[in-house]
Amino acid sequence: MSQIAIEISHVSKKFKNGKSNVVDDVNLTIKEGEFITILGSSGSGKTTLLKMINRLYEPDEGAIKLFDEDISTVDPVTVRRRIGYVIQQVGLFPHMTIAENIATVPKLLRWSKKEIDERVTELLHLVGLEPNDFKNRYPSQLSGGQQQRIGLARALAINPKIMLLDEPFGAIDAINRMNLQNELLRIHGGLKKTFLLVTHDINEAFKLGTKVIIMNEGKVRQFDTLANIVNQPADEFVSSLIVSSRQQERFWEGLGC
């Protein structure tokens, strides 16, 4: 039986001077090994929810547990070092080589040089980049897609059980975005880690997620498999998303594609 990786209980968050909760009484249970996508428009609360899981934000109400441990009782830095975190802007250090970027947290944890070198090589292979060609380059010498792969490798460096990905492909062109989606599915399938990926792209959410969380105005409107969402939408907002996706499909069919 799968262990519960993330448990979110009655979590709410309001920012200073805000009129309403950005995240409003959210309850979620996510099992170890699942690939969960969080779908919603700007302002729906999806990124805020993700940032509360690694304690970049603190909830005003409720509790978040990772593997049955209440993260409010753990030092925030310790929580973050246990979680892989990938963002759209990648955030690679421009003055460091690719190998040094990947090794950032292992160095802080005082891994040996041999351990670090082996892990860097392993991760570059994992994300589909030849170590001898890339480890001594600098971020400015890489394409956007290659930089995003390095961001993923860096997040995986200490072998976290949970990966949080905040619109990681939002700034990538359509072709590379599709390739990176496929690569991410391959990596998840091989590692069996718990992935949470935030996106505003319905096709990306449905392609990647074993289950999809649909958020609107701070609330979870539906959390289910793709089949159940399509066949049994929970409310009018979810129905409108399905209609939007099907209209896109009809557009391509109308072009004879």
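The rules behind the values
- Residues numbered from 1 in each chain as written.
- Predicted model: local features only at pLDDT ≥ 70, side-chain atom pairs only at ≥ 80, totals over all residues.
- Heavy atoms only, no water.
- UniProt positions renumbered as here; feature names shortened; annotations may be inferred.
- Pairing = 2+ DSSP bridges.
- Helix = DSSP H or I, 4+ residues; strand = E, 2+ residues; numbered from the N terminus.
- Contact = heavy atoms within 4.5 Å.
- Axes fitted to C-alpha atoms, helices over the stretch in contact; angles between N-to-C directions.
- Buried < 20%, exposed > 50% of the residue type's maximum accessible area, 1.4 Å probe, protein only.

The protein chain carries the name Carnitine transport ATP-binding protein OpuCA in an unreviewed UniProt entry, which gives Niallia nealsonii as its organism. Regarding the protein chain, the UniProt comment filed under Subunit (unreviewed entry) reads as follows: "The complex is composed of two ATP-binding proteins (OpuCA), two transmembrane proteins (OpuCB and OpuCD) and a solute-binding protein (OpuCC)." Quoted straight from UniProt, the Sequence similarities (unreviewed entry) entry for the protein chain says "Belongs to the ABC transporter superfamily."

Asker: Would you explain the sheet that holds strand β1 (residues 4-13) in this entry?
Answerer: Strand pairing in a sheet takes place through backbone hydrogen bonds and is either antiparallel or parallel in direction. In spatial order, the strands read β2-β1-β4-β5; together these four strands make up an open sheet with antiparallel pairing. The open sheet terminates on both sides in strands that have one partner only, identified here as β2 (23-31) and β5 (69-70). Where helix α1 (residues 46-53) meets the sheet, it contacts β1, β2 and β4 (61-66), and its direction lies at approximately 120° from that of β1.

Asker: Honestly, the UniProt feature "domain: ABC transporter" (unreviewed entry) in the protein chain in this entry has me stumped. Any pointers?
Answerer: The sites that UniProt annotates as "domain: ABC transporter" (unreviewed entry) are residues 6-242. Secondary structure across residues 6-242 comprises 39% helix and 24% strand; the distance between its end C-alpha atoms is 27 Å.

Asker: Got a minute to help me understand the environment of I187 in this structure?
Answerer: With respect to the helices, strands and loops of the structure, I187 is situated in helix α8 (residues 174-191). In this structure I187 comes out as buried when scored by relative accessible area, which is 1%. For the pair I187 and S12, spaced 175 residues apart in the sequence, the C-alpha separation amounts to 32 Å. In contact with I187, not counting residues within four places along its chain, are L126, V127, L152 and L156.

Asker: Help me understand the sheet that holds strand β8 (residues 194-199) in this model?
Answerer: The six strands are arranged β6-β7-β8-β3-β9-β10 in an open sheet whose pairing can be described as mixed. Both edges of this open sheet fall to β6 (83-87) and β10 (219-224), since each of them pairs with a single strand only. Strand-to-strand twist across the sheet, computed as the mean angle between neighbouring axes with direction ignored, equals 15°. Where strand β3 (residues 35-39) and β8 come together, five bridges link them in parallel fashion.

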